[in-house]
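Residues per chain are reported as follows:
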Amino acid sequence: MKWLLSLGLLLASLGIQALPLVEKQRFDLASFTTQSGAVLKKVSVGWEAYGTLNADKSNVILITHFFSGTSHAAGKYHDSDPAPGYWDAIIGPGKAIDTDKYYVLSVDTLANANAFDPNVITTGPASIDPATGKPYGLRFPVVSIRDFVRVQKALLDSLGIHKLHAVVGASMGSFQALDWAVAYPDEVERMVSVIGAGQMDPWTVYGLERWSDPIKADPAWHHGDYYASGQPREGLNKALAYIIYDASYPDGFNRRYPSPTDQAPKVDIDAGFASVKALASQAALRAKYQDANAILYLVRASQIYLAGYEGNLEDNLKKITAKTLFMPASHDRLLVPKMARSTFETLKKLGKDTQYQEIDGPWGHLDGLVSIPSQAGVLKAFLAK
C-alpha cells in the first residue's frame, strides 16, 4: 500500500517515533445484534493500545479510525516496518495525545475495508458465515456507525473501562466519536471530531454513492458473490481512485501527480494521461488488501449516519455532556467545513462547552491526517482542559 507508506513517512518526519512496538490484539463476541436487528454469530475485531492504563482506569482515550483506515493509529508492529501508524505524529510520549499520560486504544471496525491485511481483524462480508461455511457476501447485514460504537463499548466493558477521558476520530472516525458522545453521555468526558460532520446531507450521500457504482458495475462483482473467483478488480480500483481523488485538494494533488503535458492524447482519443495512470496505479496498490464488498458496506454506514440515530440532530446533541472540539480541514471537498461548523454552532446555541479550530493545508480532507500536527497545541490543551 504505497500511498500509506508515503503518508506514514511524511507523518513520521513530523514527530519522533518513540512508542514501543505495538501488538495487535483480538476481541471476540459470541453474538452481536446489529442496529438493523440482524444477529451475527462469532464477531471478532482487532485492537491495539499505546501507553499505560492507570489504576482507576480514568486515563483512556479512544481513537476511532477513518473509512479506509484501521486500528493502527500509531507506532510500529516491527522495527522493520517502513512507517508507523497514521497519527503517529500526534500520538506518543510528549505528543498531543501523550502516551506518558493517557492509555490510548483503537479498534478495527466491523466490515473493515482492509479485510485482507494480515494486521486487521474484522468480521465483515468476506468472513465465513457459520450458517453456510461460505463468505457472507451480501448476506452480511447492513451495519451502522452505531454498530461500530457498540462493538467498541463491548470491548471497553470487557476491560472494565467505563469512562473515557476522550474519544477522538477523523472522518468516518469523527462520526463514531460524536455518536459516542450522544449515545453514552455519562461515559465520555471529551470528544474531538476531526474532518467530520454531525449527519449526512444529500450532496455527500451522492458523492459516496460514486464509490460504490464502479464496483457494482464490474461484471466480476457477481452481486457480491466473487470470493471463489476473485475480487472485481477493475471496479475496486476505480472506486479507490475516486476515494483518493475526493479526499484530495488541487494544491496537494497537483504536487503528487504529473502535469498533463502528454502528447499522445492530443492525437489519439484512446490515449491516457500519465497523471490518470499514476492515480490508477496507486489505487491498484491499495486494492491488494481491500475487499470490494466492504467498501459498499462502509459507504452505506456513512450514508445513513446521523449522530444519535433518531429524531433530529439538534435534539440528539442536547444529550451531550462532554466538552467538544471540532477540527475540520479548511480545504476539505469531501466533508466540507460547513458540516462541522453547523454542528459546532448548534452545540454553542445549546449552551454546550464546545470549540472550533480549522486545519489549514494543501491536502484537503487528507489534512486531517497530514496537517493535524499544525494544531497539536490546540488538541493537547483541549485534552488537558
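Structure: see above.
Attention in this report is confined to the structure presented alongside it. (Residues numbered from 1 in each chain as written. Predicted model: local features only at pLDDT ≥ 70, side-chain atom pairs only at ≥ 80, totals over all residues. Heavy atoms only, no water.)

A closer look at the overall build of the chain
In terms of regular secondary structure, the chain is built from 12 helices and 12 strands. By the compact-globule yardstick of 21 Å for 385 residues, the chain fits well, its C-alpha radius of gyration being 20 Å. Seen along its three principal axes, the alpha-carbon backbone of the chain occupies a region of about 65 × 50 × 45 Å. The buried share among the 385 residues of the chain stands at 57%. Within the chain, counting contacts between residues at least 6 apart in sequence, those at least 24 apart form 74% of the total. Considering the chain, the positive charge centre built from 38 side chains and the negative charge centre built from 39 side chains are found 1 Å apart. (Helix = DSSP H or I, 4+ residues; strand = E, 2+ residues; numbered from the N terminus. Rg over C-alpha atoms; globule rule 2.2 N^0.38 Å. Buried < 20%, exposed > 50% of the residue type's maximum accessible area, 1.4 Å probe, protein only. Contact = heavy atoms within 4.5 Å. Lys, Arg positive; Asp, Glu negative; His and termini not counted. Charge placed at Lys NZ, Arg CZ, Asp CG, Glu CD.)

Examining the packing of aromatic side chains
Tallied over the entire structure, the rule returns 12 aromatic pairs. Both rings, one in Trp180 and one in Tyr184, keep their centres 5.1 Å apart while their planes meet at 55°; by these two values the pair is tilted. For Tyr184, a relative accessible area of 19% corresponds to the buried category. Ring geometry for Phe253 against Tyr257: centres 4.5 Å apart, planes inclined by 40°, an arrangement best described as tilted. Comparing Phe253 with Tyr257, the two get one shared label, buried. (Phe/Tyr/Trp six-rings, centres within 6.5 Å; stacked < 30°, edge-to-face > 60°.)

Thoughts on helix H3 (residues 172-183)
Helix length check: H3, at 12 residues, gives a terminal C-alpha distance of 16 Å against a target of 16 Å (1.5 Å per residue), a fit within 8%. The element H3 is extensively covered by neighbouring structure, given that 11 of its 12 residues are classed as buried. Every buried residue belonging to H3 is among Met172, Gly173, Ser174, Phe175, Gln176, Ala177, Leu178, Asp179, Trp180, Ala181 and Val182, and all of these are buried. (Expected span 1.5 Å × (residues − 1).)

Observations regarding the pattern of salt bridges
Summed over all chains, the structure comprises 15 salt bridges. The closest approach of N and O atoms between Lys319 and Glu310, which form a salt bridge, is 3.4 Å. In this structure, Lys385 engages Asp353 in a salt bridge whose closest nitrogen and oxygen atoms are separated by 2.8 Å. Here Lys385 is found in the segment after helix H12 (376-384), whereas its partner Asp353 is found in the loop between helix H10 (337-349) and strand E12 (354-356), with 32 residues between them in sequence. With relative accessibility at 38%, the residue Lys385 sits in the partly exposed group. Here Asp353 falls in the partly exposed class, since its relative accessible area comes to 35%. (Salt bridge = Lys/Arg side-chain N within 4 Å of Asp/Glu carboxyl O.)

Let's talk about the pairing of strand E3 (residues 60-64)
With five of five residues buried, E3 lies mostly within the body of the structure. The alternating pattern of E3 places Val60, Leu62 and Thr64 on one face and Ile61 and Ile63 on the opposite face, and all of these are buried. Relative to strand E6 (residues 103-107), E3 is paired through four bridges, and the arrangement is parallel. By the bridge assignment for E6, Ile63 is matched with Ser106. The sheet contact formed by E3 and strand E9 (residues 166-170) spans four bridges and is parallel. Pairing of Ile63 across the sheet is with Val168, part of E9. (Pairing = 2+ DSSP bridges.)

Topic: the sheet that holds strand E2 (residues 39-50)
Sheet architecture is open: eight strands sit in the order E1-E2-E6-E3-E9-E10-E11-E12, paired in mixed fashion. Only two strands of the sheet have a single neighbouring strand rather than two, namely strand E1 (25-33) and E12. The mean inter-strand angle of the sheet, taken between neighbouring strand axes irrespective of direction, is 20°. One ladder, built from three bridges, connects strand E11 (residues 323-327) with E12; its direction is parallel. Bridged to Phe326 within E12 is Tyr356. Strands E3, E9, strand E10 (190-194) and E11 of the sheet are contacted by H3, whose axis makes an angle of about 150° with E9. (Axes fitted to C-alpha atoms, helices over the stretch in contact; angles between N-to-C directions.)

With respect to the side chain of Thr346
Position of Thr346 relative to the elements: it lies in helix H10. By relative accessible area, which is 16% here, Thr346 ends up buried. Separated by 2.9 Å, the side chain of Thr346 and the backbone oxygen of Ser342 make a polar contact. Once you skip the residues sitting within four places of it in the chain, Thr346 turns out to touch Glu314 and Leu317. (Polar contact = N/O pair within 3.5 Å; in protein donor to acceptor, adjacent residues only side chain to side chain.)

Side note on the packing of helix H4 (residues 202-217) against helix H5 (residues 233-246)
Angle between the axes and distance between the axes: these two values describe a pair of packed helices. At their nearest, the axes of H4 and H5 sit 6 Å apart, and the two run at 160° to each other. Here H5 runs roughly antiparallel to H4, going by the angle between their axes. Facing H4, whose interface residues are Gly207, Arg210, Trp211, Pro214 and Ile215, H5 presents Gly235, Leu236, Lys238, Ala239, Tyr242, Ile243 and Asp246. (Parallel < 35°, antiparallel > 145°, perpendicular 65-115°, else oblique.)

A closer look at the side chain of Thr109
With respect to the helices and strands, Thr109 occurs in the loop between E6 and strand E7 (128-129). Judged by relative accessible area, Thr109 falls into the buried class, the value being 2%. Each residue touching Thr109, except ones within four places of it in the same chain, is listed here: Val45, His65, Thr122, Phe148, Met172, Gln176 and Leu298.

Thoughts on the packing of H5 against helix H7 (residues 274-287)
Interhelical geometry of H5 versus H7 gives an angle of 115° and a closest axis separation of 8 Å. The orientation of H5 relative to H7 falls into the category roughly perpendicular. Where H5 crosses over H7, the handedness of that crossing is right-handed. Contacts between H5 and H7 involve Arg233, Leu236, Asn237, Leu240, Ala241, Ile243, Ile244 and Tyr245 from the first element and Leu279, Gln282, Ala283, Ala284, Arg286 and Ala287 from the second. In terms of residue class, the contact of H5 with H7 is made up of 10 nonpolar, two polar and two charged. (Left-handed = near helix turned anticlockwise from the far one by under 90°. Nonpolar A, V, L, I, M, F, W, Y, C, P; charged D, E, K, R; others polar.)

Take it as geometry only, folks, not as evidence of what the structure does.
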